[in-house]
Amino acid sequence: MIEPIILFFVLGITAGLVRAELRLPGPIYDFVSMLLLLTIGLKGGIELAKQPFLILLPQILVVFVMGLILPLIAFPILRQLGKFKRADAASIAAHYGSVSVGTYAVAAAFMETHNIYFEEHMPLLLVVLEVPAILVGIVLAKGLTKETQWGSVAHEVFAGKGVVLLLGGLFIGWIAGSDGLDSIKPLFFDLFKGILALFLLEMGLIAASKISSLHKYGLFLVVFGVGMALLSAVIGTGLGLLLNLSVGGTAMLAILAASASYIAVPAAMRISVPEANPTLSLTASLGITFPFNVLIGIPVYYELAVRAHAIFRA
Amino acid sequence: MTIENSQQGHLQGQPRKYNSMLVTIVTESSLESQLSRELEGLGVQGYTITDARGKGESGSRNAGWDADSNIRVEVICSESMSETIAELLEEKYYPNFAMVMYSHGVFVLRPEKFK
């Protein structure tokens, strides 16, 4: 069965490629992405309330370290094989170490459709994974110089839309609990897939605009966009096993690892590493990795988690 | 000739004398907060920011979402301030950001408000 939301994404890409007169108005896109971020946060928050925070600490730590390591793997590949300039390689590496909430939302919908259980506090790990890659990216680009205004970088990261709404949602869900949220459930939870469908329509349009500029950057970026996602997914799967997550949770961690940021990291990199070409990293993350993950990756990573569990947990 | 024009002693069709400069900056919206701080730091009295879209050397910027959006910043100020702004932008932002700046004389009421 094909998820209808995926078809909205396909519609967006097709409409974009044939240059249809179609565009989600800016404020509506903002609204839709706000709803998604809040919903994801709320769902995670409800689960957080059910378990002691201390149990989650090892997971938080491991995911944070994963966020540090992924860009360190991507950077030399981009430098040596891709022959990118240092700033460009560092910026792209940061995008791939961080995470895409859109991909997470599609994955959550996938899990729901197939009735697959996963640890519902995953949104907390999503927030954790947003941050470290940005720091690594800046250090890779500039070294530890005094020139970097860490204050404004921190502001850009922690006061950015993504982190504020995810953390805010987590917090509200945690305090209010499942019953408390009943009154707002229709907007946030019941409409989730419809909202996600609209979001994916716009993402398809954006992806199409990136795909059409792909030819300028050559084959390497395509191979990297897919290859890095697969490699990260394997690492995520390994860490999922290490943390004793369920099959669904392992798949989710693989998906978090495989996804590439397109909101938090571009904004932070633009401010702190302005010499990096933003078109390169966004073409890779939105034109290649996002569509790959949404159309092909998610079921593949799930299959990978199933097999890994069968082998290592047998 | 309208009443307003006659009061200020201008004939229709003739250029009015300007008493201030209007500086317009079109750039990436990711710069909004940084640029506002910078302008305030220079002592600019006020500015207006609007969302913009268009196409230029950095490709099409159609305001579909954050990273593809532009802003247009308008500042009314004195001639010397407009030069200070130009120097700052040229040195700090022109090398790495999509940015266009232009300025021209404008006639404003209460010119003392715009330093």
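Residues numbered from 1 in each chain as written. Chains lettered and ligands numbered in written order. Predicted model: local features only at pLDDT ≥ 70, side-chain atom pairs only at ≥ 80, totals over all residues. Heavy atoms only, no water.

A. Summary view of the pattern of salt bridges. For the coordinates displayed, the defined rule picks out seven salt bridges over all chains. The shortest N-O distance in the salt bridge between A:Lys185 and A:Asp190 comes to 3.7 Å. For A:Lys185, a relative accessible area of 35% corresponds to the partly exposed category. With a closest N to O distance of 2.7 Å, B:Glu28 and A:Arg270 form a salt bridge. Highlighted residues: B:Glu28 in strand 1 (residues 20-28) and A:Arg270 in helix 14 (residues 264-272), drawn from two different chains. Exposure remark for B:Glu28: the relative accessible area of 5% places this residue in the buried category. (Salt bridge = Lys/Arg side-chain N within 4 Å of Asp/Glu carboxyl O. Buried < 20%, exposed > 50% of the residue type's maximum accessible area, 1.4 Å probe, protein only. Helix = DSSP H or I, 4+ residues; strand = E, 2+ residues; numbered from the N terminus.)

B. Structural detail: unusual backbone geometry. Residue and element names in this part refer to chain A. A positive phi angle, close to 55°, is found at Lys83, a residue other than glycine. The residue Lys83 is located in the loop between helix 3 (53-81) and helix 4 (86-97) in this model. By relative accessible area, Lys83 is classed as exposed at 67%. At Asn244, a residue that is not glycine, the phi angle is positive and equals roughly 65°. Within the secondary structure, Asn244 is located in the loop between helix 12 (218-242) and helix 13 (247-258). Taking relative accessible area as the criterion, Asn244 reaches 59% and is therefore assigned exposed.

C. Fine view of the interface of chain B and chain A. Contacts between the two partners involve 15 residues from chain B, matched on the other side by 16 residues from chain A. Taken together, both faces of the contact between chain B and chain A bury some 1300 Å²; the carbon and sulfur share is 50%. Where chain B touches chain A, the interface holds one salt bridge. One can count two residue pairs in polar contact (both at pLDDT 80 or more) joining chain B with chain A. Classifying every residue of the side of chain B that touches chain A by side-chain character gives five nonpolar, five polar and five charged. (Contact = heavy atoms within 4.5 Å. Buried area = accessible area lost by both parts, 1.4 Å probe. Polar contact = N/O pair within 3.5 Å; in protein donor to acceptor, adjacent residues only side chain to side chain. Nonpolar A, V, L, I, M, F, W, Y, C, P; charged D, E, K, R; others polar.)

D. Layout of the packing of aromatic side chains. Residue and element names in this part refer to chain A. Applying the stated criterion across every chain, the model contains nine aromatic pairs over all chains. A ring pair is formed by Phe220 and Phe224, whose centres lie 6.1 Å apart and whose planes are at 25°; its orientation type is stacked. Of this pair, Phe220 and Phe224 both sit in helix 12, four residues apart, which is roughly one turn of the helix. Its relative accessible area of 23% is what places Phe220 among the partly exposed residues. In this structure an aromatic cluster arises from ring pairing among Phe84, Tyr96, Phe220 and Phe224. Here Lys43 stacks its cationic end above the ring of Phe192, 4.5 Å away from the centre of that ring. (Phe/Tyr/Trp six-rings, centres within 6.5 Å; stacked < 30°, edge-to-face > 60°. Lys NZ or Arg CZ within 6 Å of the ring centre and 35° of its normal.)

E. Quick peek at helix 12 of chain A. Residues and elements named next belong to chain A. Relative to the 36 Å expected for 25 residues at 1.5 Å per residue, helix 12 spans 37 Å between its end C-alpha atoms, a close match to the ideal helical length. All of the buried residues along helix 12 are Leu221, Phe224, Gly225, Met228, Ala229, Ser232, Ala233, Gly236, Thr237, Leu239, Gly240 and Leu241. Buried residues along helix 12 sit against helix 3, helix 4, helix 13 and helix 15 (278-312). Where helix 12 ends, the next residue or the one after it, Asn244, has phi of about 65°, a positive value. (Expected span 1.5 Å × (residues − 1).)

F. Summary view of the nonpolar core. Residue and element names in this part refer to chain A. Membership of the largest hydrophobic core comes to 78 residues, with the highest contact counts inside it found for Tyr104, Leu196, Phe199, Met203, Met252 and Leu256. No other element matches helix 2 (residues 26-48), which puts 10 residues into this core. With residues up to four places along the chain from it excluded, the contact list for Met203 reads Phe9, Tyr29, Tyr262, Leu286 and Phe290. Judged by nonpolar contacts, the second largest core, of 32 residues, contains Ala89, Met228, Val265 and Leu280. (Core = buried A, V, L, I, M, F, W, Y, C linked by side-chain atoms within 4.5 Å.)

G. Highlighting the pairing of strand 5 (residues 70-77) of chain B. All names here are of chain B. Bridge analysis of strand 1 against strand 5 gives eight bridges, and the strand direction is antiparallel. Looking at the pairing, Thr27 lines up with Ile71 of strand 5. In this structure, strand 2 (residues 48-52) lies alongside strand 5, joined through five bridges in antiparallel fashion. Looking at the pairing, Ile49 lines up with Val73 of strand 5. (Pairing = 2+ DSSP bridges.)

H. Spatial organisation of the sheet that holds strand 5 of chain B. Residue and element names in this part refer to chain B. Read from one edge to the other, the open sheet built from four strands follows the order 2-5-1-6, with strand pairing classed as antiparallel. Every other strand in the sheet has two partners, leaving strand 2 and strand 6 (99-106) as the edge strands with one partner each. The mean inter-strand angle of the sheet, taken between neighbouring strand axes irrespective of direction, is 20°. Of the strands in this sheet, strand 1, strand 2 and strand 5 touch helix 2 (residues 32-42), which is tilted by about 10° from strand 5. On the sheet, helix 3 (residues 79-92) packs against strand 1, strand 5 and strand 6 and is oriented at approximately 20° with respect to strand 1. (Axes fitted to C-alpha atoms, helices over the stretch in contact; angles between N-to-C directions.)

I. Spotlight on the side chain of A:Asp88. Relative to the assigned elements, A:Asp88 resides in helix 4. Once you skip the residues sitting within four places of it in the chain, A:Asp88 turns out to touch A:Glu275, A:Ala276, A:Asn277 and A:Leu280.

J. Structural view of the confidence of the model for chain A. When the pLDDT values of chain A are averaged, the result is 91; 99% of them are 70 or greater. Within chain A, the lowest mean pLDDT, 80, falls on helix 8 (residues 150-158) of chain A, and the highest, 97, falls on helix 13 of chain A. (pLDDT = per-residue confidence, 0-100.)

K. Broad picture of the packing of helix 3 of chain A against helix 6 (residues 122-130) of chain A. Residue and element names in this part refer to chain A. Viewed as axis vectors pointing N to C, helix 3 and helix 6 meet at an angle of 35°, and their least axial separation amounts to 9 Å. For the pair helix 3 and helix 6, the crossing hand works out as right-handed. Residues Phe53, Leu56, Gln59, Ile60, Val63, Phe64, Met66 and Gly67 of helix 3 pack against Leu124, Leu125, Val128 and Leu129 of helix 6. Tallied by class, residues from the contact of helix 3 with helix 6 come to 10 nonpolar, two polar and no charged. (Left-handed = near helix turned anticlockwise from the far one by under 90°.)

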